[in-house]
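Structural features, examined
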Amino acid sequence: MAYVRTVKTASGATAVQIVYSSRRGSRTIEHLGSAHDEEELEALKAVARQRLAAGQGELDLRLSVAAAASSGGPLQIASSRMGHLWDGLCRAYDALGFDRATGGDDVFRQLVLARIIEPTSKEDSLRVLTETGLGPPSYRTVKRRLAVYAEDSWRRGVGAACARHASLGPASLVLFDVSTLHFETDRADGFREPGFSKQRRLDPQITLGLLTDGSGFPLMVEAFEGNKAETKTMLPVIEAFMAAHRLSDVTVVADAGMVSAANQKAIEAAGLSFILGARLPEVPYVVSKRRAQHPDEQLPDGHVFTQPWPAAASDNRCDQVIYYQYKADRARRTLRGIDEQVAKAEKAVAGQAPVKRNRFIKLTGGAKSVNRELEAKTRGLAGLAGLAGLKGYVTNLVDASPEFVIGAYHQLWRTEKSFRMSKHDLRARPIYHHKRHSIDAHLTIVFAALAITQFIEDRTGWSIKKFVRTARRYRTVHIRAGQHILTAEDPLPADLRDTLAQITKLQMRTNLARVGTER
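Per chain, the residues get numbers from 1 upward, laid out in the order the sequence is written. The model is predicted, so local features are restricted to residues of pLDDT at least 70 and side-chain atom pairs to those at 80 or more, both for listing and for counting; the totals for chains, interfaces and linings are taken over all residues. Hydrogens are left out, water is left out, and the side-chain values use all remaining heavy atoms of the structure.

**Some words on the overall build of the protein chain**
Our working rule: For helices the rule is a DSSP run of H or I covering at least 4 residues; for strands it is a run of E covering at least 2, with both sets numbered from the N terminus onward. Any residue under 20% of the maximum accessible area for its type is buried, any over 50% is exposed, and the rest in between are partly exposed; the area is computed with a 1.4 Å probe on protein chains only. Areas reported as accessible are Shrake-Rupley estimates using a 1.4 Å probe. Residue values count occlusion only from the protein chains shown.
The number of helices and strands found in the protein chain is 18 helices and 16 strands. The burial tally for the protein chain puts 46% of its 519 residues in the buried class. Put simply, the protein chain shows about 26800 Å² of open surface, and 51% of that area lies on carbon and sulfur atoms.

**Re the pairing of strand S5 (residues 172–182)**
For clarity, the threshold we go by: Any two strands with at least two DSSP bridges between them are considered paired.
Most of S5 sits inside the fold, with ten of its eleven residues counted as buried. Across four bridges, S5 lies against strand S8 (residues 250–254) in parallel orientation. Bridging from a neighbouring strand, valine 174 pairs with valine 252 of S8. The pairing of S5 with strand S6 (residues 205–213) spans nine bridges and is antiparallel. If you follow serine 179 over to S6, its bridge partner there is leucine 208.

**As for the nonpolar core**
Keep this limit in mind: Here, nonpolar core refers to any group of buried Ala, Val, Leu, Ile, Met, Phe, Trp, Tyr and Cys residues whose side-chain atoms link them within 4.5 Å. The contact definition used throughout considers only heavy atoms, calling two residues in contact when any of these lie within 4.5 Å.
Counting residues in hydrophobic clusters, the biggest one holds 108 residues, and the most contacted among them are Phe98, Ile452 and Phe467. Ranked by residue count, the leading element in this core is helix H16 (residues 436–460), at twelve residues. Setting aside anything within four residues of it in sequence, one finds phenylalanine 98 in contact with Tyr93, Val158, Ala161, Cys162, Ala448, Ala451 and Ile452. With twelve residues, the next largest nonpolar core counts Leu175, Val321, Val405 and Leu412 among its residues.

**What about the sheet that holds strand S14 (residues 390–395)?**
This is how the line gets drawn: Between N-to-C directions, angles span 0 to 180 degrees; the directions come from axes that are lines fitted to C-alpha atoms, helices contributing only their stretch in contact.
A sheet is described by the order of its strands in space; here eight strands give the open sequence S7-S6-S5-S8-S9-S14-S11-S10, paired in mixed fashion. Lying at the two open borders of the sheet, with one neighbouring strand each, are strand S7 (218–225) and strand S10 (304–309). Each strand of the sheet is rotated relative to its neighbour by a mean of 20 degrees, with strand direction disregarded. Bridging between strand S11 (residues 320–326) and S14 involves six bridges; their strand directions are antiparallel. From the neighbouring strand, glutamine 325 faces S14, where its bridge partner is lysine 391.

**Quick word on the pattern of salt bridges**
Two side chains carrying opposite charge are able to pair once their charged atoms lie near each other. We count it as follows: Criterion for a salt bridge: a side-chain nitrogen of Lys or Arg within 4 Å of a carboxyl oxygen of Asp or Glu.
As enumerated under the stated definition, the model contains 19 salt bridges in all. Between aspartate 106 and arginine 109 there is a salt bridge; the shortest N-O distance is 4.0 Å. Taken as a pair, aspartate 106 and arginine 109 lie in helix H5 (residues 106–117) at a separation of three residues, close to a single helical turn. Using a relative accessible area of 11% as the deciding quantity, one classes arginine 109 as buried. Across the pair aspartate 189 and arginine 192 runs a salt bridge whose closest N-O atoms are separated by 3.0 Å. Linked through salt bridges whose partners overlap, the residues forming this network are Asp152, Arg155, Glu222, Arg436 and Asp440.

**Some thoughts on the packing of aromatic side chains**
The following threshold applies: Two rings from Phe, Tyr or Trp (for Trp, the six-membered ring) form a pair when their centres are within 6.5 Å of each other. A pair whose planes differ by under 30 degrees is stacked, one over 60 is edge-to-face, and the rest are tilted.
This structure, assessed with the given rule, holds five aromatic pairs. Ring plane angle 70 degrees and centroid distance 5.4 Å describe the contact between phenylalanine 108 and tryptophan 154, whose orientation is recorded as edge-to-face. One end of the pair, phenylalanine 108, is in helix H5; the other, tryptophan 154, is in helix H8 (residues 152–166), and 46 residues separate them in sequence. Both residues of the pair, phenylalanine 108 and tryptophan 154, count as buried.

**As for the packing of helix H3 (residues 83–95) against H16**
Inclusion rule: Any angle that falls under 35 degrees is termed roughly parallel, while one over 145 is termed roughly antiparallel, one within 65 to 115 roughly perpendicular, and all others oblique. When residues are grouped by polarity, Ala, Val, Leu, Ile, Met, Phe, Trp, Tyr, Cys and Pro land in nonpolar, Asp, Glu, Lys and Arg in charged, and all others, Gly among them, in polar.
Orientation of H3 relative to H16, taken along the N-to-C sense of each, is 105 degrees, at an axis distance of 10 Å. For the element pair H3 / H16, the angle class is roughly perpendicular. Residue-level inspection shows Leu89, Ala92, Tyr93 and Ala95 of H3 in contact with H16, the latter providing Ile452, Phe455 and Ile456. Among the residues forming the contact of H3 with H16, the class breakdown is seven nonpolar, no polar and no charged.

**Here's the deal with the sheet that holds strand S1 (residues 2–8)**
With respect to topology, three strands assemble into an open sheet ordered S1-S2-S3, the strand pairing being antiparallel. Every other strand in the sheet has two partners, leaving S1 and strand S3 (27–35) as the edge strands with one partner each. If you compare each strand with its neighbour and ignore which way they point, the axes differ by 25 degrees on average. Of the strand pairs in this sheet, S1 and strand S2 (residues 14–21) are connected by seven bridges, and their pairing is antiparallel.

**Some words on the side chain of glutamine 320**
Mapped onto the fold, glutamine 320 is located in strand S11. If we ignore the near neighbours within four places in the chain, the residues touching glutamine 320 are Gln264, Glu268, Phe274, Pro308, Trp309, Pro310, Val394, Thr395, Asn396 and Val398.

**Thoughts on the environment of proline 300**
With respect to the helices, strands and loops of the structure, proline 300 is situated in the loop between helix H11 (285–293) and S10. Among the residues examined, proline 300 registers a relative accessible area of 37% and is labelled partly exposed. Look past the residues within four positions of proline 300 in its chain and what remains in contact with it is Arg290 and Tyr326.

**A few points about helix H9 (residues 234–245)**
To keep it simple, the criterion reads: Multiply 1.5 Å by the residue count of a helix minus one, and that product is the helix's expected span. By definition, the arc is the one covered by directions from the helix axis to the C-beta atoms.
Across its twelve residues, H9 extends 17 Å between first and last C-alpha, which sits within 8% of the 16 Å expected from 1.5 Å per residue. Within H9, burial applies to Met234, Leu235, Val237, Ile238, Phe241 and Met242. Projected down its long axis, H9 shows its buried positions confined to an angular sector of 165 degrees, all on one face. For H9, the secondary structure elements touched by its buried residues are H8, S5, S6, S7, S8 and helix H10 (261–269). Of the residues one or two after H9, arginine 246 is the one with positive phi, at around 55 degrees.

Quick look at the structure:
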């Protein structure tokens, strides 16, 4: 027989164990983990009960095994399932509230989790689900449901679940970034349109705006026409998000490339707080003043200049402040970048390399030359004038410290990471979709998969690749022996068992918080 017991350890923690005993008096003890509070204890007990429920009691199988042996063949495998992987992903799905937000739609759950296990086409996702050990829906059902998943109400429900998990409130910090997804076609259709591409592609594309919280957890994704300017994507996404979740104010953090002068005025007109990257076309006054006063003194690494920018009566804006931070490593990279661009220009002029986009190449008719005037000006601004190593940050949070403003801006790498994860790990590019509604449905599935991926990585410390690669190897197998079904599975390694226990604990904690809120 097997039972669960708890034992106090020398450190004061409570160990949870499964004890397997036999009639002969021998015992085998499996240690599941140690709990340091009531929530951890309940989570470990739940894991122990689940492991016991998955097993089979002692059966008298002598007749069944003898019958199978007399048949001359091996025992039949009735089913095989990636139980640990699927159950762990389902717990994360439920912890984020997607089950409630989608009304328990099982097809959506399967498509989202299949994309995490192996990102592929919707039709091939059915193979992934079959290999996982599930009964997948028919492909006709999947195609029929895509129209539902593209509806605004459905997408708002999924986004609302993410917003509840992020616990957003007034003046919450949100990060915004833009990327593009291209299509391998030469026909534009009003939505898939050629536009500015960082990969310098000429194919039709769509523009994606991604809104995340300060930790990079996705809150909203919106698709725009491929030829829509990046500066015109931010405000519609943020206003739609605030309206959907009834937020009076958020603090928007975005790169300088996302914001034009008109865009910045529109952000202020909407009553939003912001932290934005500032372009530096010339040396700021506070920096040139410092250079004039201390011409021979090197700027200390990490030095921050503060330049208040009060609003005049006719400016139609709030008071602002600009911070300029100097970093020695940033200066080194800037100067090295100039050297590399000039070297490439010289090779192109000498005919040793093809002519590509390079600002230091001067074309006069059919003649090529290196633009030495621009080189001298660029080196002068970067080196002697002191622009190299400087980064500007403008905000209307005039009472915020420079450490907060600069620190908030440098969280934008989290949004960039989310984009990389969606493009590479989840293969967000809708290769097999051509109509607007199917593209929107695809992006909704990828968005939900990205949220689950971020949730698992942030809470367990494992990358999603490691979690899927490790957990999928441990299958639960049901074997038919006569009239009996045996359950067999490989024992889990300790690190995977602890990771699954963490996800279970987080799901229980989320469920308890949700019940408390409803009461």
